[in-house]
Amino acid sequence: MESKLKGRRYKLDIRNTFDISIDDVEDVRPGHETEGMKRFASEVPSDRCFSIIFKGQRKNLDLIANSNEEAAHWTEGLNKIIQNSRAMSQKQKLQHWIHTCLRKADKNKDNKMSLKELKRFLQEVNFETDDNYAKQIFQQCDRSRTGTLEEDEIEEFYKILTTREEIDVIFSTYKDSENFMSAAQFQTFLKNEQQEIVTLDHTKSLIAKYEPSEEGKKQQSMTKDGFLIYLLSEDGNIFNPAHGKVYQDMKQPLCHYFISSSHNTYLMEDQLKGPSSTEAYIRALTKGCRCVELDCWDGPNGEPVIYHGYTLTSKILFKDVIKTIKNYAFKTSPYPVIISLENHCTPDQQKTMAKHMKDILADMLLTLPIEGKMKDFPSPEQLKGKILVKGKKLNSLEDSVAENSEEADVSDEDEAAEMEDESVKSNVHAKKRAGAKLKLAKELSDTVIYCKSVHFHGFEYAAEHQSFNEMSSLTESKALKLANEAGNSFIRHNSRQLTRIYPDGMRTDSSNYSAVDMWNVGCQIVALNFQTPCTDMDVYQGKFRDNGFCGYVLKPSFLRYQKSKFNPRSIHDGEWWTPKKLSIMIISGQQLPKVNKKKSSIVDPFVTVEIFGVARDKEKKASKFIDNNGFNPMWNEHFIFEIDVPALTIVRFLVEDYDASSRNDFVGQYTVPLSSLQLGYRHIHLLNRNGDLHPSATLFVHVMLQESKG
């Protein structure tokens with residue numbers, strides 16, 4: 001193994017050579033932390049083992065070093081590079097990206113740039129230009145007249161290339177005659193353009209934070225470079241940085257929150273033959289998921305396994321999943337995790353399940369009501385660091401029977417219903433008659449406290465006969481039908497009880513559905529396939545970007561009242577009806593990524609702004625496309641949206657590569673709740689298809705939100 005790290009790109013020389021970008025690395029795990037390590041390297045000392053975990057769907061890279069010291073050198077070195085990379089400012093990321101492209105263009109590695117290499121570089125950064133323009137720039141920078149650009153000349157070329165006229169115009173409006181923006185002038189900009197009322201002291205603190213020049217800092221003024229750095233920073237982001245932390249009331253009952261939830265969490269791909277993996281649980285939990293699903297079946301040697309029953313999906317041990325949940329449950333968020341059990345095990349293996357959860361999770365597992373009370377849900381704050389089990393629970397009559405037998409029959413109706421695939425469901429029905437019973441072990445039943453699974457018999461039945469801790473799981477189609485026909489009843493039900501929604505059975509490819517209609521009627525646990533990138537997943541992750549990405553978002557007050565009159569399909573006067581006019585100017589784009597592997601291909605980008613919310617608040621508008629320019633396209637297009645219920649509205653910015661003859665290619669996106677939008681001139685830092693940040697790609701926009709007459 002070659003242990004020399006080369007900047008932010010490096011090579012691992014074992015038997016083959018790997019060329020890996022640090023931007024693609026999610027984590028570095030020492031020891032036997034992956035399934036590959038556990039399966040194939042269990043006899044190798046763990047101190048010599050480590051794994052590189054990649055973003056997206058790329059497989060892990062499991063490595064064995066020649067010594068403990070070498071493994072430690074690699075893991076410590078890589079982690080330090082990752083930390084430094086993530087701590088870079090947007091300007092530093094841009095500089096790094098451009099210099100990486102320059103290195104790619106420098107074919108003979110002489111640290112100089114010929115005219116031919118300059119043209120190749122422009123192509124590399126998604127910018128097409130005619131030969132005359134390229135030659136003009138080259139001659140302007142080649143002051144030494146050597147026929148190549150080097151050092152200061154390359155820096156001058158870089159400055160010409162990255163000049164942004166739209167920033168110059170804004171800066172010129174507020175700067176003084178000496179090309180500085182004083183603290184007072186910057187304060188005026190923040191007030192007039194960004195709609196921020198800040199003190200002069202706060203304005204000075206921003207200058208101290210972002211101004212790169214010593215002269216500017218000394219004068220407490222901002223240069224154009226400092227102004228751009230501010231606009232590219234967290235403070236200049238379209239997403240309100242205050243919402244990047246937990247800021248909502250976390251002391252409400254659990255049913256008053258939307259809860260980030262995964263469906264068939266164990267799957268890495270499709271529902272019929274894809275692999276099951278503990279890695280899928282890690283990815284979901286680190287993305288803020290707070291409700292994970294475990295489909296449990298009898299396994300060999302008395303050990304329960306998890307997989308999609310009656311399919312060709314691979315199997316993993318129940319105890320390994322519980323260990324993974326213990327290790328990763330609270331790395332992203334301290335708030336409670338719900339284990340949703342789909343139980344198909346015999347009583348003996350159910351007892352094993354209960355034992356594993358108690359032994360492995362120990363004090364994390366909630367086995368008694370908080371403060372000994374069962375009158376209402378506790379809050380996420382009260383449940384910090386706790387893991388709750390959702391599953392079947394013996395009722396009082398069954399408890400009395402179970403005292404002697406240690407097990408009893410419970411209805412298996414909803415367990416069979418959760419076998420989503422139609423072919424799977426027919427298999428289950430062939431083995432079980434209608435109304436079949438599941439023998440439930442008391443030990444497993446006792447792990448269920450606040451999330452007792454019951455069959456759904458209607459809203460009236462639930463109100464009259466069910467306790468607050470009894471919850472039902474519904475398919476997306478059944479839930480949507482209820483939302484359309486009895487939206488207000490659904491809302492009132494969800495103000496008191498939890499409801500879980502899961503995908504319909506025909507989604508064998510692990511596709512997703514829109515969670516928005518379910519959120520609009522207050523459904524808390526809307527489970528999506530986290531392994532499938534798509535628009536619905538973008539909107540989902542955008543929703544939970546709010547409140548510090550902690551996996552819990554407080555529902556609007558009108559979805560929490562037990563006597564709420566809100567109905568998302570029939571908007572009328574009420575606290576929810578606060579009409580707004582959202583104005584968005586799509587100004588420009590910066591350093592958009594290539595989407596075609598062909599080197600000569602350059603994107604023709606266009607932007608679509610999509611609005612998601614109640615039925616009257618669903619709309620999208622698209623810009624024109626820009627020919628052959630993904631480096632610095634300019635649109636200057638203005639969109640206006642009328643919004644009736646801002647509290648439930650989500651905004652998605654989508655960039656695609658226009659293609660007249662085939663489907664447009666995805667370039668990047670960013671999704672954010674309307675309530676988390678910052679106004680004024682803002683940058684949008686685009687995410688890739690897997691929801692990870694592009695190292696350089698941004699949109700520059702102007703946002704206004706005004707009262708509307710409706």
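Only a predicted model underlies this, so the values are computations on that prediction, with no experimental measurement involved. Sequence order sets the numbering: in each chain, residues are counted from 1 along the sequence as written. Only residues with pLDDT of at least 70 are given local features in this predicted model, and only at 80 or more are side-chain atom pairs given and counted; all residues enter the totals for whole chains, interfaces and linings. Water and hydrogen atoms play no part in the side-chain values, which are based on all heavy atoms of the structure.

**Quick word on the overall build of the chain**
Okay, so step 1: Helix and strand definitions follow DSSP, with helices as H or I runs of at least four residues and strands as E runs of at least two, each counted in order from the N terminus. Counting secondary structure elements, the chain contains 22 helices and 30 strands.
Okay, so step 2: With the radius of gyration taken over C-alpha atoms, the globule rule is written as 2.2 Å times the number of residues to the power 0.38. For the chain, the C-alpha radius of gyration of 28 Å lies close to 27 Å, the compact-globule estimate for 710 residues.
Okay, so step 3: Projected onto its principal axes, the C-alpha coordinates of the chain cover approximately 95 × 70 × 55 Å.
Okay, so step 4: Throughout, exposure labels follow a simple rule: accessible area from a 1.4 Å probe, protein chains only, divided by the maximum for the residue type, with under 20% read as buried, over 50% as exposed, and the rest as partly exposed. For the chain, buried positions account for 55% of its 710 residues.

**Some thoughts on the environment of K543**
Okay, so step 1: Structurally, the position occupied by K543 is in helix α22 (residues 535-543).
Okay, so step 2: Classification of K543 by relative accessible area gives buried; the value is 8%.
Okay, so step 3: Along the chain, K543 and L674 lie 131 residues apart, while their C-alpha atoms are 9.6 Å from each other.
Okay, so step 4: With residues up to four places along the chain from it excluded, the contact list for K543 reads F258, W519, V553, I650 and P673. Contact criterion: two residues are considered in contact whenever any of their non-hydrogen atoms come within 4.5 Å of each other.

**Description of the sheet that holds strand β4 (residues 49-54)**
Okay, so step 1: Pairing between two strands is assigned when DSSP locates at least 2 bridges connecting them. With antiparallel pairing, the three strands of this open sheet are ordered in space as β3-β4-β5. The open sheet is flanked by β3 (25-30) and β5 (61-64), the only strands paired with a single partner. Pairs of neighbouring strands in the sheet enclose a mean axial angle of 20 degrees, with direction left out of account.
Okay, so step 2: Relative to β4, β3 is paired through five bridges, and the arrangement is antiparallel. Within β4, the position partnered with D27 by the bridge is I53. Each axis is a line fitted through C-alpha atoms, and for a helix only the stretch in contact is used; angles between axes span 0 to 180 degrees, taken between their N-to-C directions.

**Quick look at the side chain of D657**
Okay, so step 1: The topology assignment puts D657 in strand β27 (residues 650-657).
Okay, so step 2: Identification of polar contacts relies on pairs of N or O atoms within 3.5 Å, with a donor-acceptor requirement for protein atoms, meaning one able to donate a hydrogen and the other able to accept it, and with residues adjacent in sequence counted only if both atoms are side-chain atoms. Separated by 2.7 Å, the side chain of D657 and the backbone nitrogen of D604 make a polar contact.
Okay, so step 3: Apart from residues lying up to four places away in sequence, D657 is in contact with V595, V603, D604, F606, N664, D665 and V667.

**Focus on the pattern of salt bridges**
Okay, so step 1: We define a salt bridge as a contact between a side-chain nitrogen of Lys or Arg and a carboxyl oxygen of Asp or Glu at a distance within 4 Å. One pass over the structure, following the stated rule, counts 24 salt bridges.
Okay, so step 2: K384 is the salt-bridge partner of E381, the closest N and O atoms lying 3.4 Å from each other.
Okay, so step 3: For E381, a relative accessible area of 29% puts it in the partly exposed group.
Okay, so step 4: When the shortest N-O distance is used, the salt bridge between R652 and E610 registers 2.7 Å. Of the two residues, R652 is situated in strand β27 and E610 in strand β24 (residues 605-612); the sequence distance between them amounts to 42 residues. One exposure class covers both R652 and E610, and it is buried.
Okay, so step 5: Look at the salt bridges and you will find they share partners, linking D27, R29, E279 and R283 into a network.

**Observations regarding the packing of helix α13 (residues 318-328) against helix α14 (residues 347-361)**
Okay, so step 1: Axis separation between α13 and α14 bottoms out at 10 Å; the angle between their running directions is 30 degrees. When the axis of α13 is compared with that of α14, the two are roughly parallel. Between α13 and α14 the crossing geometry is right-handed. The residues of α14 that touch α13, namely those facing F318, K319, I322, K323 and K326, are M353, H356, M357, I360 and L361. For this classification, under 35 degrees means roughly parallel, over 145 means roughly antiparallel, 65 to 115 means roughly perpendicular, and everything else is oblique. A crossing counts as left-handed when the near helix is turned anticlockwise from the far one by less than a right angle, and as right-handed when that turn is clockwise.

**What to know about unusual backbone geometry**
Okay, so step 1: Phi at N301 takes a positive value of approximately 60 degrees, unusual for a residue other than glycine.
Okay, so step 2: Topologically, N301 is positioned in the loop between β11 (291-297) and β12 (305-306).
Okay, so step 3: For N301, a relative accessible area of 77% translates into the label exposed.
Okay, so step 4: Backbone geometry places Y310, a non-glycine residue, at a positive phi of 65 degrees.

**A word on the confidence of the model for the chain**
Okay, so step 1: For the chain, the mean per-residue pLDDT works out to 88, and 91% of the residues sit at or above 70.
Okay, so step 2: pLDDT measures how confident the predictor is about each residue, on a scale from 0 to 100. In this model residues 1-17 is a low-confidence stretch, pLDDT under 50, and it forms 50 contacts with partners more than four residues away in sequence or in other chains.

**Considering the environment of R682**
Okay, so step 1: With respect to the element layout, R682 can be found in strand β29 (residues 680-687).
Okay, so step 2: Linking R682 and S205, residues 477 residues apart in sequence, is a C-alpha distance of 19 Å.
Okay, so step 3: When sequence neighbours within four positions are dropped, the list of residues in contact with R682 reads Q194, E196, Y230, D235, G236, N237, I238, L699, F700 and V701.
Okay, so step 4: Separated by 2.7 Å, the side chains of R682 and E196 make a polar contact.

**Details of the packing of aromatic side chains**
Okay, so step 1: Stacked, edge-to-face and tilted are the three classes for Phe, Tyr and Trp ring pairs, Trp counted by its six-membered ring, which pair at centre distances within 6.5 Å; planes under 30 degrees apart are stacked, over 60 edge-to-face, the rest tilted. Inspection of the entire model under this criterion finds 31 aromatic pairs.
Okay, so step 2: Relative to F157, the ring of F121 has its centre 5.6 Å away and its plane inclined at 70 degrees; by these criteria the two rings are edge-to-face. Note that F121 is positioned in helix α4 (residues 115-124) and F157 in helix α6 (residues 152-162), a separation of 36 residues in sequence.
Okay, so step 3: Taken together, a centroid distance of 5.0 Å and an interplanar angle of 85 degrees make the contact between F377 and F468 edge-to-face. Within this pair, whereas F377 is found in the loop between α14 and β15 (387-391), its partner F468 is found in the loop between α19 (459-465) and β19 (470-475), the two being separated by 91 residues in sequence.
Okay, so step 4: For F377, a relative accessible area of 6% translates into the label buried.
Okay, so step 5: With a relative accessible area of 6%, F468 lands in the buried category.
Okay, so step 6: Three or more aromatic residues joined by ring pairs make a cluster, and in this case those are F171, Y174, F186, F189, Y210, F227 and Y230.
Okay, so step 7: The side chain of K543 reaches across the aromatic face of W519, ending 5.1 Å from its centre.
Okay, so step 8: Over the ring of Y670 we find R545, and its NZ or CZ is 4.7 Å from the ring centre. Comment: the charge-over-ring label is applied if NZ (Lys) or CZ (Arg) is within 6 Å of the ring centre and within 35 degrees of the ring normal.

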